[in-house]
Amino acid sequence: MTNFLSLIIRQMKRVKSYIKKQKSSNNIMIRFFILSLIFLWNIIKTILCFCFSAEYRSILFLQLLHAKEVHQTTSLTCMNRYPEIFKACRDYFNNKKELTLLSYGCSTGEEVLTLRQYFPQANIIGADINKHSLARCKKLMVDDKVTFIYSKKSELLKYGKYDAIFCMAVLQRKPHFVRSNGITNLKKIYPFEKFEQTVNELDRLINKDGLLVIHFTQFY
Ligand SMILES: C[S@@+](CC[C@H](N)C(=O)[O-])C[C@H]1O[C@@H](n2cnc3c(N)ncnc32)[C@H](O)[C@@H]1O
């Protein structure tokens, strides 16, 4: 079965690279045919994703209904994604026990679970704007000092102020697309004003001597 699947995948890759080559064919009819094929495939892919992927639907609705508030739309995350940063923060707080931490853009909760390992006693709030991801967070086995909230000003205020806010891989848009296409002006994709406003809002939620940790972002 695995062999059969890998055979199919190999064949599909060959077809894909053949089609890619034909995109720049000298024959206008072939070019037209290939572009129509790609167009059709994209439509089919979109319909399939819409029907079968709850994550795809949640991101689509976010972009349509919360375009102003949403930053990075993908929910890509993993456990212990930034060990050096987490270690440095733990050292900074030097075993202080009464800490309240915010994972702003916690996605499906792995960042919150990781923070618990670095800060065993802290109150940890995970906030996200994607309700599908939040629903997954709420199914996690966590202790009663962990809370997941919908990311909006009033909720963030209710649980703050925070000793540290982790804003990791949130304040950006389409970073891979931007890099691979050599895009240098982000005005249409992710304007600086949006970044600036969010940084200011998060900054107001920080306790004196607290940390605002921003990583993987398009402005430095
Ligand atoms: C790429 S994930 C990053 C997850 C995690 N912080 C990490 O670094 O592994 C980006 C997350 O930011 C969330 N996000 C986007 N805009 C947000 C907002 N305004 N408030 C809270 N979360 C937001 C997305 O829903 C997504 O789950």
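Residues numbered from 1 in each chain as written. Predicted model: local features only at pLDDT ≥ 70, side-chain atom pairs only at ≥ 80, totals over all residues. Heavy atoms only, no water.

Peer 1: So what about the pairing of strand β4 (residues 162-168)? Which residues, and what values?
Peer 2: Counting buried positions along β4 gives seven out of seven residues, so the element sits mostly inside the fold. As paired strands, strand β1 (residues 100-104) and β4 are joined by three bridges and run parallel to one another. Paired with L102 across the two strands is I165, which belongs to β4. In this structure, β4 lies alongside strand β5 (residues 206-215), joined through six bridges in parallel fashion. Residue F166 lies in a different strand from β5, and its bridge partner there is V213. (Buried < 20%, exposed > 50% of the residue type's maximum accessible area, 1.4 Å probe, protein only. Helix = DSSP H or I, 4+ residues; strand = E, 2+ residues; numbered from the N terminus. Pairing = 2+ DSSP bridges.)

Peer 1: Got a sec to walk through the domain arrangement of the chain? Specific residues and values, please.
Peer 2: Per the domain assignment, the segments making up the chain are domain 1 (2-52) and domain 2 (83-215). Each of domain 1 and domain 2 was reduced to a C-alpha centroid, and the two centroids are 38 Å apart. (Domains from an automatic or database assignment.)

Peer 1: Any chance you could break down the site of the ligand for me, citing the residues and the numbers?
Peer 2: If you check the shell around the ligand, you find 20 residues, and the closest are T77, R81, Y82, D128 and S151. Measuring from a nitrogen atom of the ligand, one finds a side-chain N or O atom of Y104 at 3.3 Å. One of the side-chain N or O atoms of D128 is found 2.6 Å from an oxygen atom in the ligand. Here the ligand loses 98% of its free accessible area of 610 Å² to cover by the protein chains. Among the residues making up the shell around the ligand, the classes are represented as eight nonpolar, eight polar and four charged. (Near = heavy atom within 4 Å. Polar contact = N/O pair within 3.5 Å; in protein donor to acceptor, adjacent residues only side chain to side chain. Areas by Shrake-Rupley, 256 points an atom, 1.4 Å probe, with all protein chains shown as cover. Nonpolar A, V, L, I, M, F, W, Y, C, P; charged D, E, K, R; others polar.)

Peer 1: Tell me what's going on with a nonpolar patch on the surface, and back it up with residues and numbers.
Peer 2: Judged by side-chain polarity, L40, W41, I44, L48 and F52 come together as a nonpolar surface patch covering roughly 560 Å² of accessible area. Note that L40 resides in helix α2 (residues 28-52). (Patch = residues over 30% accessible without salt bridge, like charges linked within 9 Å, V, L, I, M, F, W, Y side chains within 5 Å. Salt bridge = Lys/Arg side-chain N within 4 Å of Asp/Glu carboxyl O.)

Peer 1: Break down the state of the cysteines for me, citing the residues and quoting the values.
Peer 2: Where two cysteines share a covalent bond between their sulfur atoms, that bond is called a disulfide. Evaluated as defined, the whole model comprises zero disulfides. Here C137 is not cross-linked by a disulfide; its sulfur's nearest cysteine counterpart is in C106, at 4.0 Å. (Disulfide = S-S within 2.5 Å.)

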